[in-house]
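In case you want the letters, here they are:
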Amino acid sequence: MKKLYFTPVITGEKEAALRAEVRSFLDHYGAFNVSNIIDSWSICDPELSRALAEKGWLGMTWPTEYGGGSRSYLERYVVIEELLAAGAPVGAHWVADRQSGPLLLRFGSEEQRQYFLPKIVRGECFFAIGMSEPNSGSDLASIKTRAEKVDGGWLINGSKIWTSWAHVCHQMITLCRTAPPSDNRHAGMSQLIVDLSQKGITVRPIITLAGEAHFNEIFFDDVFVPDNRVVGQVNEGWSQVVAELAFERSGPERFLSSYQLLEAAIKELRETNLMQQAEPIIGKFVARLMVLRQMSLSVANQLQEGKLPINEASVVKDLGTSFEQELPEAMRLILATEPRSSANGGVARLLSDSILKAPSFSLRGGTREILRGIIARGLGLR
Ligand SMILES: Cc1cc2nc3c(=O)[nH]c(=O)nc-3n(C[C@H](O)[C@H](O)[C@H](O)COP(=O)(O)OP(=O)(O)OC[C@H]3O[C@@H](n4cnc5c(N)ncnc54)[C@H](O)[C@@H]3O)c2cc1C
């Protein structure tokens, strides 16, 4: 059996200074809207994204020639950990910073890098993920959206679904079938950068259980995409998507979506003198959080070393989403406060929001069952 590598990482003075700088920025930025705190990386606030861009906290690890900060993955980890722990609504730039930019750095043309990366770094260009379709989620290779070759580019027809923030984003990296299906299910797909303001695109919102309209259905009706917007090689999109998903699965957002609830619960348990009986439960969650944090830091360090730790990232996402999904129900049972969606903040609101949002945590970015399949294959067990 192959092994998983989670080499411990110790952050140093540089990271500590940066952490203090992020905390100071957050102290001065002001309070975030109460409805944005839980799962804050799924909430868009373009103004905040631009403020973070001004601090140099978008595209932090990218080369300076594309406007990036040439900083380390550990430094990026520190910044995003602090933002998420504070419940900052970082969703507007999240996908571009986490995966579209790195994808373009790895597979994009020089022209695409020079055009898109500086805009992302300045907080002027947000990206959506166009992978899932009505009957193709886990089985992504079965997508039906087609791009047909025409003079100077491609014509897209079909639809995508669950596309987070497509109504706010400017561009979407869209997985399309560019050759008919064959015996090799993973052949014949390409990634195209689609300008979402383009003629022929209809974006229709889908309301979530929590009452938010954050994701959408998208319909393509003869949408033209020029040749220079194909990422990497035509028909070789599958291996690029696999790499992109590794970027998507590796970060602390996979266990910090309900973090604010844990902090608020500890505070309330202390204030209501219920901590003593709740301690064993709180202790287990805090211990799990610390382990997840170390594992995620180790993934960040492996990215720094140029590795693509697909299995380790999948393990962090699987364990992390279990943690952030179990937390709301465990806190509901030990707290004196009942969940209340109309509450204007506080534990009642955090509980309610996290209960309503938690079911999606283990679906987005690849379901639990799919991740366990990937891990088993990576370990040579299937
Ligand atoms: C909040 C949220 C945001 C999202 N944002 C985006 C986005 O921006 N862009 C995008 O492209 N997609 C997005 N998605 C879609 C997400 O990637 C899919 O929901 C996910 O891949 C699962 O696909 P599905 O919904 O079709 O479920 P299915 O694939 O139909 O799965 C249903 C159930 O069957 C199980 N299952 C399926 N196949 C197997 C198998 N082979 N073995 C065992 N069990 C299996 C699954 O684990 C799951 O429990 C988002 C989803 C959510 C919830």
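Residues numbered from 1 in each chain as written. Predicted model: local features only at pLDDT ≥ 70, side-chain atom pairs only at ≥ 80, totals over all residues. Heavy atoms only, no water.

A.B. asks: Help me understand the packing of aromatic side chains, please; the structure alone is not making it clear to me.
C.D. replies: Both the distance between ring centres and the angle between the ring planes are used here to describe each pair of aromatic rings. Applying the stated criterion across every chain yields a total of eight aromatic pairs. Relative to F32, the ring of Y29 lies with its centre 5.9 Å away and its plane at 35°, an arrangement referred to as tilted. Across the ring face of Y115, the terminal group of K119 is positioned such that the distance to the ring centre comes to 4.6 Å. (Phe/Tyr/Trp six-rings, centres within 6.5 Å; stacked < 30°, edge-to-face > 60°. Lys NZ or Arg CZ within 6 Å of the ring centre and 35° of its normal.)

A.B. asks: Honestly, the packing of helix 7 (residues 259–271) against helix 10 (residues 346–361) in this entry has me stumped. Any pointers?
C.D. replies: Helix packing for two helices is described by the angle between their axes and how far apart those axes are. Across the interface, helix 7 lies against helix 10 with an axial gap of 10 Å and an inter-helix angle of 145°. Crossing geometry of helix 7 relative to helix 10 is assigned as left-handed. Along the contact surface, helix 7 presents Q260, L261, A264, A265 and E268, while helix 10 presents V347, L350, L351 and S354. Among the residues making up the contact of helix 7 with helix 10, the classes are represented as six nonpolar, two polar and one charged. (Axes fitted to C-alpha atoms, helices over the stretch in contact; angles between N-to-C directions. Helix = DSSP H or I, 4+ residues; strand = E, 2+ residues; numbered from the N terminus. Left-handed = near helix turned anticlockwise from the far one by under 90°. Contact = heavy atoms within 4.5 Å. Nonpolar A, V, L, I, M, F, W, Y, C, P; charged D, E, K, R; others polar.)

A.B. asks: Quick question: what am I supposed to make of the layout of surface pockets here?
C.D. replies: For the second largest pocket, the calculated volume is near 310 Å³. For the second largest pocket, the lining is made up of 16 residues, of which R23, E81, E82, A85 and Y259 are closest to its centre. Secondary structure elements with two or more residues in the lining of the second largest pocket: helix 1 (13–29), helix 3 (73–85), helix 7 and helix 8 (275–304). Tallying contributions element by element places helix 1 first for the lining of the second largest pocket, with four residues. Across the lining of the second largest pocket, the residue classes break down as eight nonpolar, one polar and seven charged. (1 Å grid on protein atoms, 1.4 Å probe; cavity = no way out; pocket = protein on both sides within 12 Å on 5 of 7 lines; lining within 4 Å. Points joined across faces, edges and corners; volume = space filled by probe spheres on them.)

A.B. asks: Where do I start with the packing of helix 6 (residues 237–249) against helix 9 (residues 310–334) in this structure?
C.D. replies: Closest axis-to-axis distance for the helix 6/helix 9 pair is 8 Å, and the angle between their directions is 45°. As judged from the angle between their axes, helix 6 and helix 9 are oblique. As for the relative orientation of helix 6 and helix 9, their crossing is left-handed in sense. For the pair helix 6 and helix 9, contact is made by V242, A246 and R249 and by I310, A313, S314 and K317, respectively. Split by residue class, the contact of helix 6 with helix 9 holds four nonpolar, one polar and two charged. (Parallel < 35°, antiparallel > 145°, perpendicular 65-115°, else oblique.)

A.B. asks: How should I be thinking about helix 8 in this particular structure?
C.D. replies: The α-helix winds at 3.6 residues per turn, so residues separated by three or four positions along the chain end up facing the same way. Over its 30 residues, helix 8 extends 40 Å from the first C-alpha to the last, a length consistent with the 44 Å expected when each residue adds 1.5 Å. Approximately 35° is the largest bend angle found in helix 8, and it occurs at I281. Just beyond helix 8, the residue with positive phi is G306, at close to 85°. (Expected span 1.5 Å × (residues − 1). Bend = angle between axes of the 7 residues up to and from the residue.)

A.B. asks: I keep staring at empty space enclosed by the protein and nothing clicks. Help me out?
C.D. replies: The probe, sized like a water molecule, is rolled over the atoms to show the empty space still left. Per the stated rule, a full pass over the model turns up one cavity of 30 Å³ or more. In this model, the largest cavity occupies a volume close to 200 Å³. Along the walls of the largest cavity sit 19 residues, with Y73, R76, S250, G251 and L303 positioned nearest its centre. Along the lines of polarity and charge, the residues of the lining of the largest cavity split into eleven nonpolar, four polar and four charged.

A.B. asks: Hey, could you run me through the pattern of salt bridges in this one?
C.D. replies: If the charged atoms of two oppositely charged side chains come close together, the side chains can form a pair. Taken as a whole and assessed by the stated rule, the structure comprises 25 salt bridges. Of the charged contacts, one joins E133 and K160 as a salt bridge, the two residues approaching to 2.9 Å between their closest N and O atoms. With a gap of 27 residues between them, E133 in the loop between strand 1 (127–130) and strand 2 (146–150) and K160 in strand 3 (residues 153–161) connect regions that are remote in the sequence. Across the pair, exposure class does not vary: E133 and K160 are buried alike. One connected set of salt bridges, linked through shared partners, spans R19, R23, E81, E82 and R293. (Salt bridge = Lys/Arg side-chain N within 4 Å of Asp/Glu carboxyl O. Buried < 20%, exposed > 50% of the residue type's maximum accessible area, 1.4 Å probe, protein only.)

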